[in-house]
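The primary structure of each chain is shown beneath.
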Amino acid sequence: MSVWRQKALACAPELRIEFEAPDLTPYTVFMELLPITVQAHIDKDNEKLERIYDFAEWCFRQKAKDLWNAAAVSFYEHLGDRDETFSEFTRWIKKDIFIDIRGLLTLMNEAEKMKSLDKYYGWTETKKK
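Residues numbered from 1 in each chain as written. Predicted model: local features only at pLDDT ≥ 70, side-chain atom pairs only at ≥ 80, totals over all residues. Heavy atoms only, no water.

*Asks:* Before we move on, could you go through the pattern of salt bridges and cite the residues and values that matter?
*Replies:* As enumerated under the stated definition, the model contains ten salt bridges in all. Residue Glu47 is joined to Arg51 by a salt bridge in which the shortest nitrogen-to-oxygen separation is 3.4 Å. Here the residue Glu47 and the residue Arg51 both occupy positions in helix H4 (residues 46-60), the gap between them amounting to four residues, near one helical turn. Under the relative-accessibility criterion, Glu47 is labelled exposed at 57%. The partly exposed category is assigned to Arg51, whose relative accessible area is 27%. Taking the shortest distance from any N to any O, the salt bridge between Glu57 and Lys94 comes out at 2.9 Å. Taken together, the residues Glu57 in helix H4 and Lys94 in the loop between helix H7 (89-92) and helix H8 (95-108) connect sequence positions 37 residues apart. Among the residues examined, Glu57 registers a relative accessible area of 14% and is labelled buried. (Salt bridge = Lys/Arg side-chain N within 4 Å of Asp/Glu carboxyl O. Helix = DSSP H or I, 4+ residues; strand = E, 2+ residues; numbered from the N terminus. Buried < 20%, exposed > 50% of the residue type's maximum accessible area, 1.4 Å probe, protein only.)

Below, the structure written as structure tokens:
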């Protein structure tokens, strides 16, 4: 079993059946994790949130494109879709990840949301250069 699949199972053991499917991809994993992440925010289940965000960060920092890209496009860029996840974004997403995914976030989020994130992370137009 691949390391990313083992980590996904450890992150969300309640999805064992889904995560053991032979056609599972990292993209599918993150699509399955999004609603669980929202619910964990609602429940204030910090232990589960830590497992999920740690898994996403681990994937994002890997060299394999399927892992870092899946974390970016199937997870991080959708955190602005729901108030429950967006309101806690800055608590869970490190600055270097924000900077790396900022372009994706601008495609998916309203200008006001981006202004608040930019302010928190200290992003200025000069950082683009």
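*Asks:* Let's hear about the packing of helix H3 (residues 26-43) against helix H5 (residues 65-74): which residues, and what values?
*Replies:* Between H3 and H5, whose axes approach to 8 Å, the crossing angle comes to 30°. The angle between the axes of H3 and H5 places the two elements in the roughly parallel class. Crossing handedness for the pair H3 and H5: right-handed. On H5, the residues that touch Pro26, Tyr27, Phe30, Met31 and Leu34 of H3 are Lys65, Asp66, Leu67, Asn69, Ala70, Ala71, Val73 and Ser74. Grouping the constituent residues of the contact of H3 with H5 by class yields nine nonpolar, two polar and two charged. (Axes fitted to C-alpha atoms, helices over the stretch in contact; angles between N-to-C directions. Parallel < 35°, antiparallel > 145°, perpendicular 65-115°, else oblique. Left-handed = near helix turned anticlockwise from the far one by under 90°. Contact = heavy atoms within 4.5 Å. Nonpolar A, V, L, I, M, F, W, Y, C, P; charged D, E, K, R; others polar.)

*Asks:* Any chance you could break down H3 for me, citing the residues and the numbers?
*Replies:* When the terminal C-alpha atoms of H3 are compared, their 25 Å separation across 18 residues agrees well with the 26 Å that a helix rising 1.5 Å per residue should span. A maximum bend of about 30° is found in H3 at Leu34, where proline Pro35 lies one to four positions downstream. Buried within H3 we find Pro26, Val29, Phe30, Leu33, Leu34, Ile36, Thr37, Val38, Ala40 and His41. On its buried face, H3 is in contact with helix H1 (3-11), helix H2 (16-19), H4, H5, helix H6 (83-86) and H7. Once H3 ends, the next one or two residues include Lys44, with phi positive near 55°. (Expected span 1.5 Å × (residues − 1). Bend = angle between axes of the 7 residues up to and from the residue.)

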